[in-house]
Each structure stands twice: as C-alpha cells, then as structure tokens.
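Here is what each chain is made of, one letter per residue.
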Amino acid sequence: MTTPPPLTDRAALMRNRHRAAAAGPALFLHEDAAAELEERLNEVNRRFTNPALVTNFPGPWREVLPDAKVVADDEVLDLVPGAHDLVVHAMCLHWSNDPVGQLVQCARALRPDGLFLAVMFGGQTLAELRAALAEAEAAVTGGLSPRVLPMGEIRDLGGLLQRAGLALPVADSVLRKVSYADPLRLLADLRAMGEANALTQRPRHFMRRAVLAEALNRYVQAFSDPDGRVRASFDMVWLTGWKPHESQQKPLRPGSAIQRLADALNTCALPQKDTPES
C-alpha cells in the first residue's frame, strides 16, 4: 500500500503566512475570535497562570493572554508536558495534517484539570466561493481542481477531543458573515490572512482567465446582497475540553438512579408494549 500524500503542503503554507505577515496581515477574524475567547474565559471564572498559545499570528491573542507562551503550529509543538493550565490552539488547526496529534500534544502539555480551547475554520467556511469555483471550472474545463481547503464538520471535530483523551468535551460554532464590494476583494483578503491555497494536490499553474471570470460572475449572481455587495461565510468552530481530574463531574452509571423519572415528574409510567414480530 502507498501512503497518500499529506493534505497540506507545509512549505507552501509557511510561504503564504510569511507573505501575509510581510505585507501586513488581515487579522479581523483573529481579532473577532480573540474577543470571543476572552468572553469564554470570563465564563470559566478561573485565573490561569501558565497559558500557552498555538498560533502563527499572536498579535490579537496577546491582547487577551499577554503572558502566554507562543508556540508555532509545527507538527511537533514546542510544549512541555504538564507545564500549562491553559492551552489555546488559535486559528490554525484546520491546516494540520494530523489534528488528533495536535490535540494529543496540547492535552499532554496540560496540568490535571487544565483547560484546552481551540478555534478553527469549519465545514461551512467559504461555501459560496467553493460553489462558484466548482461550477465555473466544471462549466469551462469539464473538471475540478482542489482550490479550497476541505474543512471538518462540527460533529467530526468534536470527536477529536475524546480521541485526544480530554474530558467534558464541547464543540460549538459561530457563523460569521462578511460582505465585500466584489469577490476579488475576498480573494485578496484570503491572501492577506495567510489562507491562500496550500493544498498538496493544488494546481501548480495560474487559474485560467476564463475560469476566473466565470467564477466571479457566478459568485455575484448567486451571492449578492440587495446593496450589491457579496457575502462570504466563515464557520468558526470552537472546541473545549479539560485534562481529566478526579474533581470533575462524571456521568452516572446506567441503572444507578435512585428515583424513577416518572416519580420526579409526578406522572405514571406506562407499561412497555410488546412489539409484534415481523
């Protein structure tokens, strides 16, 4: 058996990020997510003394966690086992070739009862762009090329927390809608975010002009607002889990209840009907 190539070309991804940083990155989604992170940490109502941040654009996140250790999202994270009471994986997990491995490393870096939080792009991200590009390329060339990163659905992403050994797992999402004067401004913003195409199987040539023109036209026709601007979706998926500790709440064993639900509701429990055999 041959091993399939990794989804992400890490060298291309780093080039995209360095190019964005040099030109002045567009970090408005990072800023929005950092503000959401601050709200979530306030709800936890706990003081974290040794946080770590996994990110390649630390600026917005340092506004929330100024003393955090900043770690790049390399395949092997620069994290010391048991050194942190909070680890935040900020806006880069969707590019990982081994997301479970990333979460396992973060979990190992936590102290017992430490908190893990991640935010990443989910499956509904850039749904409009995906549709316009796919329809245009199919119409012009009769084929399809991998041009937008496939991103996980919230149900699958939530399952990663348990696979990494984290307790009390929660996955939720916030759908952000951003409007642009035209689709070209969206493409420019993606480059400025460091989110341009870095897929291993991406085309190694420029998109044909006819395909681009058709995609822009289809985008405007299908996804314009009444004011003439076009919309783009960014599905911000949040993952939350805790390093296991004996003080944490645990589910009861099946059959261990000491009171019937019917008694608690002051109702009568109906006898179960026999199901006729087929």
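Small disclaimer: the values here were computed from a predicted structure and weren't measured.

S.K.: How should the pairing of strand E6 (residues 230–242) be read in this particular structure?
M.R.: Consecutive residues of a regular strand have side chains that alternate between opposite faces of the sheet. Here E6 lies mainly inside the structure; 12 of its 13 residues are buried. Judged from the seven bridges that link them, strand E4 (residues 110–121) and E6 form a sheet pairing that is antiparallel. From the neighbouring strand, Leu-115 faces E6, where its bridge partner is Trp-242. Sheet topology note: the strand E5 (residues 167–180)/E6 ladder contains 12 bridges and is antiparallel. Residue pairing in the sheet places Lys-177 in a bridge with Ser-233 of E6.

S.K.: What is the right way to read the confidence of the model for the protein chain from this model?
M.R.: Reading predicted coordinates in detail is not appropriate for stretches of low pLDDT. Averaged over every residue, the pLDDT of the protein chain is 89; the share at 70 or more is 88%. Segment residues 269–278 is flagged for pLDDT under 50; beyond a separation of four residues in sequence, or across chains, it makes two contacts in the model.

S.K.: Please clarify how the pattern of salt bridges should be interpreted in this entry.
M.R.: Any two side chains of opposite charge can pair, on the condition that their charged atoms come close. Tallied over the entire structure, the rule returns 13 salt bridges. Across the pair Glu-36 and Arg-40 runs a salt bridge, and its minimum N-O distance is 3.0 Å. Here the residue Glu-36 and the residue Arg-40 both occupy positions in helix H2 (residues 28–44), the gap between them amounting to four residues, near one helical turn. Neither residue differs from the other here; Glu-36 and Arg-40 are each classed as buried. With a closest N to O distance of 3.7 Å, Lys-177 and Glu-128 form a salt bridge. One end of the pair, Lys-177, is in strand E5; the other, Glu-128, is in helix H5 (residues 127–141), and 49 residues separate them in sequence. Take Lys-177: its relative accessible area is 51%, and that puts it in the exposed class. Look at the salt bridges and you will find they share partners, linking Arg-10, Arg-17 and Asp-73 into a network.

S.K.: Could you clarify how one ought to interpret the nonpolar core in this entry?
M.R.: Generally speaking, nonpolar side chains in soluble globular proteins are found buried as a group. The biggest cluster of nonpolar side chains holds 49 residues, and the ones touching the most others in it are Leu-37, Leu-41, Trp-61, Leu-65, Leu-186, Phe-234 and Met-236. Broken down by element, this core gets its largest block of residues, six residues, from E6. Ignoring anything within four residues of it in the chain, the contact list for Leu-186 reads Leu-126, Leu-129, Tyr-180, Tyr-219, Ala-232 and Phe-234. Grouped together as the second largest cluster of nonpolar side chains are 24 residues, Val-54, Leu-103, Cys-106 and Phe-116 included.

Scoring rules and cut-offs
Residues numbered from 1 in each chain as written. Predicted model: local features only at pLDDT ≥ 70, side-chain atom pairs only at ≥ 80, totals over all residues. Heavy atoms only, no water. Buried < 20%, exposed > 50% of the residue type's maximum accessible area, 1.4 Å probe, protein only. Helix = DSSP H or I, 4+ residues; strand = E, 2+ residues; numbered from the N terminus. Pairing = 2+ DSSP bridges. pLDDT = per-residue confidence, 0-100. Contact = heavy atoms within 4.5 Å. Salt bridge = Lys/Arg side-chain N within 4 Å of Asp/Glu carboxyl O. Core = buried A, V, L, I, M, F, W, Y, C linked by side-chain atoms within 4.5 Å.

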